[in-house]
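Notes for the structure review
Spelled out from the first residue to the last, the chains are:
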Amino acid sequence: NTAATNQKPVVSVGFPQYMYSNIVGPNNYDSELINDGIHHDQRLSTGCVTDINNHVFKFTADTSPGNSGGPIYVVESLNGVAYHTVIGINVAQPSLINPSYNIAVRIDAYVLKFLKANPNIQY
């Protein structure tokens, strides 16, 4: 619960199909195409958590279709060692409906119980 706090810096990782820095309108983008829809290069982007509720949070790191399912993580240091902790899974990118933020499902007790109960996952 403390890792997904408001204004916490986060990193998004994914393989976006198309990547633009700003959506102006339907099929209208005001910046250069980064990935061309065929070549899906890995992309890291940073932003902040902007809103949190019980099961999801909103964040500002740059994402697009193809990032869905990718981790959203925080980087924290302890005794000089950097730790990368996944706090959510990217599920929605900016659109005309929600142009200024992305949505991630929080890694909470329900998700952890699901993972622990899955016999196909080995630790």
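Here, the structure is the one placed above.
Residues numbered from 1 in each chain as written. Predicted model: local features only at pLDDT ≥ 70, side-chain atom pairs only at ≥ 80, totals over all residues. Heavy atoms only, no water.

Attention now moves to the overall build of the protein. A tally of helices and strands in the protein yields one helix and eight strands. Listed N to C, the secondary structure of the protein is β-β-β-β-β-β-β-β-α in terms of helices and strands. Within the span of the protein, comprising 123 residues, buried residues form 28% of the whole. At a minimum sequence separation of 6, the contacts of the protein that also span at least 24 residues come to 56%. Per element, the accessible surface of the protein, about 7,900 Å² overall, is 55% carbon and sulfur. (Helix = DSSP H or I, 4+ residues; strand = E, 2+ residues; numbered from the N terminus. Buried < 20%, exposed > 50% of the residue type's maximum accessible area, 1.4 Å probe, protein only. Contact = heavy atoms within 4.5 Å. Areas by Shrake-Rupley, 256 points an atom, 1.4 Å probe, with all protein chains shown as cover.)

In this section: the environment of Asn-54. Of note, Asn-54 is situated in the loop between β4 (43-52) and β5 (56-59). A C-alpha to C-alpha distance of 8.0 Å links Asn-54 and Arg-106, two positions 52 residues apart in sequence.

Per the stated rule, a full pass over the model turns up two salt bridges. The partner of Glu-76 in a salt bridge is Lys-8, and the shortest N-O contact between them spans 3.0 Å. Note that Glu-76 is positioned in strand β6 (residues 71-78) and Lys-8 in the segment before β1 (9-14), a separation of 68 residues in sequence. Since its relative accessible area comes to 32%, Glu-76 is described here as partly exposed. Put simply, Lys-58 and Asp-51 hold a salt bridge, and the shortest N to O gap is 3.9 Å. On the accessibility criterion, Asp-51 (38% relative accessible area) is partly exposed. (Salt bridge = Lys/Arg side-chain N within 4 Å of Asp/Glu carboxyl O.)

Here we come to the sheet that holds β1. Ordered by their spatial adjacency, six strands build a closed barrel running β1-β4-β5-β8-β7-β6, and the pairing between neighbours is antiparallel. In this sheet, neighbouring strand axes are inclined to one another by 45° on average, regardless of whether the strands run parallel or antiparallel. Direction of pairing for β1 relative to β4: antiparallel, over a ladder of six bridges. In the sheet register, Pro-9 faces β4, and the bridge partner there is Cys-48. (Pairing = 2+ DSSP bridges. Axes fitted to C-alpha atoms, helices over the stretch in contact; angles between N-to-C directions.)

To continue, consider the pairing of strand β8 (residues 102-106). The pairing of β5 with β8 spans four bridges and is antiparallel. Bridged to Phe-57 within β8 is Ala-104.

Backbone geometry places Asn-79, a non-glycine residue, at a positive phi of 55°. You can see Asn-79 is positioned in the loop between β6 and β7 (81-92).

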